[in-house]
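Analysis of the macromolecular model
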Amino acid sequence: MLPVHHPSLELLLDYAAGSTGEAAGLALATHLALCPECREVVAQFESLGGALLEAIEPAAVPSEALDNLLARLDEPVPVPDRRSPADDATLGPVPQPLRGYIGQDLETIRWKRVMRGVEQADIAVGRGRTGNVRARLLRIGPGVRVPRHTHAGTEMTLVLAGGFSDGDKQYQRGDFSFCDRETDHSPVADDDGECLCLTVIDAPLRLTGPLMRLLNPFIRF
């Protein structure tokens, strides 16, 4: 089954231009490994960018901009898996490039309990380059509902295994969700198995339920 929910064209353009941070780039690149449709969009953006660069006279590029571009070539940028959808079965629950960050065996990961039925594990990304952005794996038990919350910043979520529903939308393996301060939601994992997700957030979430909001001062980002 191919993904139904995708990153916005703006996010894909930022990725193609190399202007995302390492954590966001990891989420987008892992989605590309599972989504041939978005791989094609990024390839088109990259081709267009290359054609535009060829059309620009070297003297028209400010020296400062050129220096910045050359400096960024040394930064690690996740590269999407270019295999076809037919090869998806060989990827397991953790496709590249995420596999390169956490390894293949999920059971060797040090999971931390967040609440009953919900565990998370931090993924080491270069915080010197990503600022306050955090990348994490989230493991949610069958039928478990995440407490209602909103976001002080943005949150990217990529489903790696299982699925969840969020309002009237259903997310399965490969699907990508983007939430911001306008979002107030309470996702619930499917009943037929665990839901495994990669999440990238740049600010703490804020619980909005009548009672759960009292716990906000104790939430650690």
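Keep in mind it's a predicted model, so treat the numbers as computed, not measured.

So, how was this worked out
- Residues numbered from 1 in each chain as written.
- Predicted model: local features only at pLDDT ≥ 70, side-chain atom pairs only at ≥ 80, totals over all residues.
- Heavy atoms only, no water.
- Pairing = 2+ DSSP bridges.
- Helix = DSSP H or I, 4+ residues; strand = E, 2+ residues; numbered from the N terminus.
- Core = buried A, V, L, I, M, F, W, Y, C linked by side-chain atoms within 4.5 Å.
- Buried < 20%, exposed > 50% of the residue type's maximum accessible area, 1.4 Å probe, protein only.
- Contact = heavy atoms within 4.5 Å.
- Phe/Tyr/Trp six-rings, centres within 6.5 Å; stacked < 30°, edge-to-face > 60°.
- Lys NZ or Arg CZ within 6 Å of the ring centre and 35° of its normal.
- Salt bridge = Lys/Arg side-chain N within 4 Å of Asp/Glu carboxyl O.

As for the sheet that holds strand 9 (residues 188-189)
- Spatial ordering of the open sheet is given by 7-6-9, a layout of three strands whose pairing is antiparallel. Each edge of the sheet is formed by a strand with only one pairing partner; in this case those strands are strand 7 (169-172) and strand 9.
- Sheet analysis places strand 6 (residues 163-166) next to strand 7, joined by four bridges and oriented antiparallel. Paired with Gly163 across the two strands is Gln172, which belongs to strand 7.

Comments concerning the nonpolar core
- Counting 32 residues, the largest nonpolar core has Leu98, Ile102, Ile123, Leu137 and Leu198 as the members making the most contacts within it.
- Mapped by element, the contributors of at least two residues to this core are helix 1 (9-16), helix 2 (22-34), helix 3 (36-55), helix 5 (98-102), strand 2 (118-123), strand 3 (134-140), strand 5 (155-161) and strand 10 (195-201).
- Ranked by the residues each element gives to this core, the list is headed by helix 2, at seven residues.
- When residues no more than four places from it in sequence are discounted, the contact partners of Leu137 are Leu98, Ile102, Leu106, Ile109, Trp111, Glu119, Gln120, Ala121, Ile123, Leu160, Cys197 and Leu198.
- Counting 11 residues, the second largest nonpolar core, distinct from the first, contains Val118, Leu138, Val159 and Cys195.

Focus: the packing of aromatic side chains
- Applying the stated criterion to the full structure yields one aromatic pair.
- Their ring planes at 15 degrees and their centres at 4.8 Å tell us that Phe164 and Tyr171 sit as a pair that is stacked.
- Looking at Phe164, the relative accessible area reads 6%, which means it is buried.
- Classification of Tyr171 by relative accessible area gives buried; the value is 6%.
- Over the ring of Trp111 we find Arg139, and its NZ or CZ is 4.2 Å from the ring centre.

Concerning the pattern of salt bridges
- For the structure shown, the criterion picks out three salt bridges.
- The partner of Arg139 in a salt bridge is Glu119, with the nearest N and O atoms 2.7 Å apart. Placement of Arg139 in strand 3 and of Glu119 in strand 2 is noted, with a sequence separation of 20 residues between them.
- For Arg148, the salt bridge is made with Asp184, and the minimal N-O distance between the two is 3.5 Å. Of this pair, Arg148 sits in the loop between strand 3 and strand 4 (149-151) while Asp184 is found in the loop between strand 8 (176-179) and strand 9, placing the two residues 36 residues apart along the sequence.

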